[in-house]
Amino acid sequence: MRNRREVTALKSFRIVSLVVGGLFLLGLPLWTSQFISYLMLTFFAYAITVIGFNLLFGYTGLLSFGHALFMAVGAYTAAFLTSKFSFHYMEIILVVAVIVASLLAALIGAICVRYIKIYFAMLTLAFGMLFYTFLLKFYYLTGGDEGMRVLRPYLLGFNFSEIPKMQFLTGSYYLYTFALLAVLTFVMWKIVSSPLGLCLKAIRDNPEKAEYLGVSVRKYRWFAFVISGAYAAIGGALLAPAIGQVDPGLTYWTHSGTLVFMTLLGGFENFLGPLIGGVVYIFLQDKVMSLTQYWRFIFGGILAFIVIAAPGGIAGMISSLVRRRKS
Amino acid sequence: MILSAEDLHKHYGEFCALGGVSFQVYEGEFISIIGPNGAGKTTLINVLTGLLKPNRGRVFFKEMEITGIGPERLSRLGLARSFQLVNIFPNFTVLEFLMVAIVSRLGKVKNFFSSLLRDQEVTEEALVVAKLFGLDEKRDMLTKNLPQGDKKMLDVASAFALHPEVILLDEPTSGVSTSDKNKIMETLVSASKKIGIKSIIQVEHDMDIVFSYSDRIIALHQGKILADGAPEKIEKDEEVVCTVVGQKECFKIFRAVLNREN
């Protein structure tokens, strides 16, 4: 048990760390290469996705193996609006992506949350693969395996088409995505600290008891599913202009597996764990891919190590180290 | 009449767990359901609280049919239960555990962005319940680290935190040392008075507890009601007592009754 002074000190330490970390990320493009900033940009998009994904996995106890579906919904919304309708306002793209993904998540979620554990995982995987087939086969609409181009969006109504692509991505688009990550992380923190967050954890730990205490288990699982779907759509919509081209691979089950990997790597029991997992995954993948073509083999080994030796992920390892030092 | 069971039947394949159980519960009653293992006591509680749907028969609560409507809706109507085996959220603190019941009772879950820690009403109510059950000093302890007796108490306390009108307690003193049993029962009775619980129904094996605290006893045997009446009436019915508690316990009870009457 901690006394009040310790709690306040810990809280202040966390706030200071977050502010320092935020300022560091904000100023990163000023002193690093464009490539590093670009990798960070893709991390921001994945970070939004995994922080939403962890509401479902870490907080509610439902492991989805088809969550990349909603990322693809966001990415294809950006592609459709910019290249088919010549509509470039990023804020509207994000709103449309959230609406489409939420509607789809509401529908798929209503079916999936009736099941738990392996059945839930398999159902979500099946829906992900259904969407993959849809994107692949309806080529006149989606461009099939070639996918679709994503044109440069306007940010807050400003057109940046005169600026070179990398400069745009690592400049204004970097700041825009980072701001959204900061806001959405704060919103998620509010959700997990609210009575809903408490009820989701209760459902994860013991759904039968939660139901006897008046918690609408199925309804709140569905809420978590829809919220996490909306987060993934924002992540996908932000990733799309960064990669410039969307294709059905975005919803393939291995991409859903990447989201699971990032979350496990960072630690699903910690609020910021998935973010740590996301940044480590992206930079590690870049490093390992440049060293060997068998990078999946190495990543498989890392995943096996984490599941066996450090189920709490990197965040779990850090906290146990801190605890050991204290004692 | 606050709760009534009409001709409840429940079968598990060939096995008949409940074979036509009917009874009424009135306001202010403390009812104990007794019976040997396999008599259908827990099945009866599960059917009454909507966890199981009966094959036949109906359950009414405050004149509304509640057969199989499920625990969540029942808790909102004012019927709560605790479990025979400790049923907790292992990674929660004591206070968080009680807060789950309180936020759902107060309908606070729908506000996604309200801070739980800053909600004085929820915290204070959780503390009141924790205090009633002697758990206030352990409020920040993780429930998985509590001693067995406290875990049992917390499970019961969370049901009380719902402020139900009727509470069903499935062996509230099981797994607790004999010396603690009376303490738990005293706590339960006093907490129910403070919270305003109208009726208590408990399943209990300990005959000392049953005869000391009940206004009425329902004896179940092979899924049917063997006897239903005041403790003074039941304890004199040799057939009922011997069927329900076994020969050895039976003689003990009769010796106690005889001693008292002499």
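Just above sits the structure.
The rules behind these values
In every chain, residue numbers begin from 1 and rise along the written sequence. All chains are assigned letters beginning at A, and all ligands numbers beginning at 1, according to the order in which they are written. Under the rules for a predicted model, residues below a pLDDT of 70 receive no local features and side-chain atom pairs below 80 are neither given nor counted, while totals for whole chains, interfaces and linings still include all residues. Helix numbers and strand numbers start at the N terminus; a helix is a DSSP run of H or I with at least 4 residues, a strand a run of E with at least 2. A set of buried residues qualifies as a nonpolar core if it consists of Ala, Val, Leu, Ile, Met, Phe, Trp, Tyr and Cys joined through C-beta atoms within 7 Å. Exposed residues have 12 or fewer other C-beta atoms within 10 Å of their own C-beta, buried residues have 20 or more, and partly exposed residues fall in between, where C-beta atoms are placed from the backbone. Residue pairs are scored as contacts if the distance between their C-beta atoms, which are placed from the backbone, is within 7 Å. Pairing between strands requires that DSSP locate at least two bridges from one strand to the other. Convention adopted: a line fitted to C-alpha atoms gives each axis, helices being fitted over their contacting stretch, and angles between N-to-C directions are expressed from 0 to 180 degrees. Under this grouping Gly is polar, as are all residues other than the nonpolar Ala, Val, Leu, Ile, Met, Phe, Trp, Tyr, Cys and Pro and the charged Asp, Glu, Lys and Arg.

## Examining unusual backbone geometry
For A:Lys117, which is not glycine, the phi torsion reads 50° and is therefore positive. Position of A:Lys117 among the secondary structure elements: in helix H5 (residues 117–137).

## Regarding the nonpolar core
Ranked by size, the top nonpolar core spans 163 residues in total, and within it A:Ala75, A:Cys199, B:Leu98 and B:Val100 carry the most contacts. Residue contacts for B:Val100: discarding those within four places in its chain leaves A:Leu198, A:Cys199, A:Ala202, A:Ala210, A:Leu213 and A:Val215.

## Structural notes on the sheet that holds strand S4 (residues 56–61) of chain B
Residue and element names in this part refer to chain B. Here four strands make up an open sheet; going across it, the order is S2-S1-S4-S5 and the pairing antiparallel. On the outer flanks of this sheet lie strand S2 (15–25) and strand S5 (64–65), each paired with one strand and no other. With two bridges connecting them, S4 and S5 associate as antiparallel partners. The partner of Phe-60 across the bridge, within S5, is Glu-65. Packing of helix H1 (residues 41–48) onto the sheet brings it into contact with strand S1 (3–12), S2 and S4, and relative to S2 it is tilted by some 60°.

## What to know about the interface of chain A and chain B
Opposite the 21 residues of chain A that make contact, chain B presents 30 residues. Mapped onto the side of chain A that touches chain B, the elements with two or more residues apiece are helix H8 (172–192), helix H9 (195–205) and helix H10 (207–212) of chain A. Here the element with the most residues in the side of chain A that touches chain B is H9(A); it accounts for six residues. Of the residues in the side of chain A that touches chain B, the class split is eleven nonpolar, five polar and five charged.

## Re the sheet that holds strand S9 (residues 216–221) of chain B
Across a sheet, paired strands are connected by hydrogen bonds in the backbone, their directions being either parallel or antiparallel. All names here are of chain B. Within the open sheet, the six strands sit side by side as S6-S7-S8-S3-S9-S10. Their pairing is mixed. The open sheet has two edge strands with one neighbour each: strand S6 (79–82) and strand S10 (224–229). On average, adjacent strands in this sheet sit at an angle of 15° to one another, irrespective of strand direction. Direction of pairing for strand S3 (residues 30–34) relative to strand S8 (residues 199–203): parallel, over a ladder of four bridges. Opposite Phe-30, over in S8, you have Ile-200 as the bridge partner. The sheet contacts of H1 involve S3, S6, strand S7 (166–170), S8 and S9, and relative to S7 the element is tilted by about 150°.

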